[in-house]
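# Geometric and topological summary
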Amino acid sequence: MKEVKHYINGQYVGSASGRMFDNINPATGEVISQVHEAGEAEVDAAVQAARAALNGPWSKMTLDERSKILHAVADGINARFDEFLEAECADTGKPKSLASHIDIPRGAANFKVFADMVKNVATEAFEMATPDGTGALNYAVRRPKGVIGVISPWNLPLLLMTWKVGPALACGNTVVVKPSEETPTTTALLGEVMKEAGVPDGVYNVVQGYGGDSAGAFLTAHPDVDGYTFTGETRTGELIMQNAAKGVRDISLELGGKNAGIVFADCDMDKAIEGTMRSAFANCGQVCLGTERVYVERSIFDEFVSRLKAEAEKLVIGPPDDATANLGPLISQKQRDKVLSYYQQAVNDGATVVTGGGIPDMPDALKNGSWIQPTIWTGLNNDSAVINEEIFGPCCHIQPFDTEEEAIEQANRLPYGLASAIWTENLSRAARVAGQVEAGIVWVNSWFLRDLRTAFGGSKQSGIGREGGEHSLEFYTELKNICLKL
Ligand SMILES: NC(=O)c1ccc[n+]([C@@H]2O[C@H](COP(=O)([O-])OP(=O)(O)OC[C@H]3O[C@@H](n4cnc5c(N)ncnc54)[C@H](O)[C@@H]3O)[C@@H](O)[C@H]2O)c1
Ligand SMILES: O=C/C=C/C=C(\O)C(=O)O
């Protein structure tokens, strides 16, 4: 059986304890590899390697040298595109048609964008007067923050991990990455690419394992890490924040959401249906930016519901290699149990099940996969957990509204504020509503249209800080002001 190991100081190593856990393909339920589980010893070795490498050649390279190496990392991912695709789809079960357009290309792009960005972003300078008349010059320089702990989730494993590792390395930091226990493989494979691209040993380290009482907790408790960047659940973010408080370490948190879509009667209905379909069902609903609450102006409510139902019923459920499939399984049986509990809750709370609501009938070879039906509800009240809590499955609830104010109020009523999608052809209305929706990211007439130079992150309990473009440089560097008396 294939083993997935840690990558520490440029070497693949197993755990001293010999502890391993199963990596399961959620499309088939088969065990595809054994993953080494890091103990405190491996996490400590990885942090020490990262610390040593920080004081080695990496942070002393010129921007140009570092940038060239990171371009080589991106090229290395592209050169082994099929291997990354195979590994990502085996870990997640997602359609290859999806991962080949989103996960793997973004994995490479995350290195290229920040490799170029670090070379082109200026810092500030202020001339000041002094009593003796000679003056002073203040200018700022960026320095790496240090050793960064990166903790990533399972839904877009390579994309979300490299979204952090790309800028962290571009800024001259070194990293210790703890990928999700559900999706260890592409993060491990990236070690080979780093080596081939000329990234010095110890700059990119990976420790495998679980979160609590395992590699994740050991990494966030380690005193020699300078900052943490995390994507995952809000509750986990709270725990990481507590650990990071010891030693006053910086954090960047991209957390959960319960995102609202707002569809006005003056929308382009084809666009609104297409976008809402993607935002509710892409990646089997396992996208933090996804829409689980859809508010539709009453005059087009019935038409919208029946058209979304028709499209949802056209989704083709199937395994990664099925070129016609556009809906894969959930990540695990555990996640399916969680999503199914909300499907049941919706029925208990009196929802109308417009479509779906259960488990699809699959051929024998796929019977043990974590398959689930895409599901749409209407008719729930605001007190139902189904429309208040993040489900992270292929489902949405659709509710009518009468006025713009009401739509905004509904969108803003939860403690989350990650993303929102507004559908209207009236641009004044779009700008007015977008300005009032409490979310870090608002799309108008689109969804998940990403420009990597822009600020990305959540408001309220959906996160702290912004990454993307110069905002990533803010987090991954210390901005130092030098005051030079003339
Ligand atoms: N805001 C965003 O950009 C964004 C993006 C993707 C996913 N998410 C959120 O992620 C969640 C789904 O991902 P998940 O289930 O993998 O999240 P999760 O919080 O359970 O796990 C994320 C990572 O944290 C680790 N972890 C868990 N407990 C830990 C602990 N006590 N200490 C240290 N590490 C710990 C896990 O092992 C994993 O690597 C959803 O809530 C989703 O909204 C947010
Ligand atoms: O599931 C969450 C998706 C997050 C996407 C990004 O972080 C990104 O596109 O940079």
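Remember, it's a predicted structure, so these values are computed and weren't measured experimentally.

Procedures and definitions
Residues numbered from 1 in each chain as written. Chains lettered and ligands numbered in written order. Predicted model: local features only at pLDDT ≥ 70, side-chain atom pairs only at ≥ 80, totals over all residues. Heavy atoms only, no water. Pairing = 2+ DSSP bridges. Helix = DSSP H or I, 4+ residues; strand = E, 2+ residues; numbered from the N terminus. Domains from an automatic or database assignment. Contact = heavy atoms within 4.5 Å. Buried area = accessible area lost by both parts, 1.4 Å probe. Salt bridge = Lys/Arg side-chain N within 4 Å of Asp/Glu carboxyl O. Nonpolar A, V, L, I, M, F, W, Y, C, P; charged D, E, K, R; others polar. Core = buried A, V, L, I, M, F, W, Y, C linked by side-chain atoms within 4.5 Å. Buried < 20%, exposed > 50% of the residue type's maximum accessible area, 1.4 Å probe, protein only. Near = heavy atom within 4 Å. Polar contact = N/O pair within 3.5 Å; in protein donor to acceptor, adjacent residues only side chain to side chain. Areas by Shrake-Rupley, 256 points an atom, 1.4 Å probe, with all protein chains shown as cover.

Another point: the sheet that holds strand β1 (residues 3–4). Strand order across the open sheet formed by three strands is β1-β5-β4, with mixed pairing between neighbours. Single-partner strands in this sheet number two, and they are β1 and β4 (20–24). In the sheet, β4 pairs with strand β5 (residues 31–36) via five bridges, with the strands oriented antiparallel. Each bridged residue has a counterpart across the sheet, and for M20 the counterpart in β5 is H36.

When its domains are assigned, the chain resolves into domain 1 (3–255 + 462–485) and domain 2 (259–451). Relative to domain 2, the C-alpha centre of domain 1 lies at a distance of 31 Å. Counting residues at the interface gives 25 residues for domain 1 and 29 residues for domain 2. Contact between domain 1 and domain 2 buries roughly 2,100 Å² in total, counting both sides, with carbon and sulfur atoms accounting for 57%. On the domain 1 side of the interface with domain 2, the three residues burying the most area are P26, W154 and S462, jointly 25% of the side's total. On the surface where domain 1 and domain 2 come into contact, there are one salt bridge. Salt-bridge contacts for K96 lead to D321; the nearest nitrogen and oxygen are separated by 2.7 Å. Counting only elements with at least two residues in the side of domain 1 that touches domain 2, the list comes to α3 (81–92) and α4 (96–99). Its residues placed into classes, the side of domain 1 that touches domain 2 shows nine nonpolar, nine polar and seven charged.

Bringing the nonpolar core into the picture now. Judged by nonpolar contacts, the single largest core of 63 residues is most densely connected at V73, V165, L190, Y204 and L289. Per element, the largest residue contribution to this core is nine residues, and it comes from helix α6 (residues 157–170). When residues of this core are assigned to domains, at least three map to each of domain 1 (3–255 + 462–485) and domain 2 (259–451).

In this structure, N9 takes a positive phi of about 55 degrees despite not being glycine. Inspection of the secondary structure puts N9 in the loop between β2 (6–8) and β3 (11–13). For N9, a relative accessible area of 39% gives the class partly exposed.

Before going further, it helps to examine the site of ligand 1. Surveying the vicinity of ligand 1 reveals 29 residues, the closest of which are K178, E181, T236, L255 and E390. One nitrogen or oxygen atom from the main chain of G232 is found 3.5 Å from an oxygen atom belonging to ligand 1. L255 has a polar backbone atom sitting 2.6 Å from a nitrogen atom of ligand 1. The fraction of the free accessible surface of ligand 1 (840 Å²) that becomes covered by protein chains is 92%. Those elements that place two or more of their residues in the shell around ligand 1 are α8 (215–221), β11 (227–231) and α9 (234–245). Taken together, the residues that form the shell around ligand 1 break down as 14 nonpolar, 10 polar and five charged. Domain assignment of the residues forming the shell around ligand 1 places at least three in each of domain 1 (3–255 + 462–485) and domain 2 (259–451).

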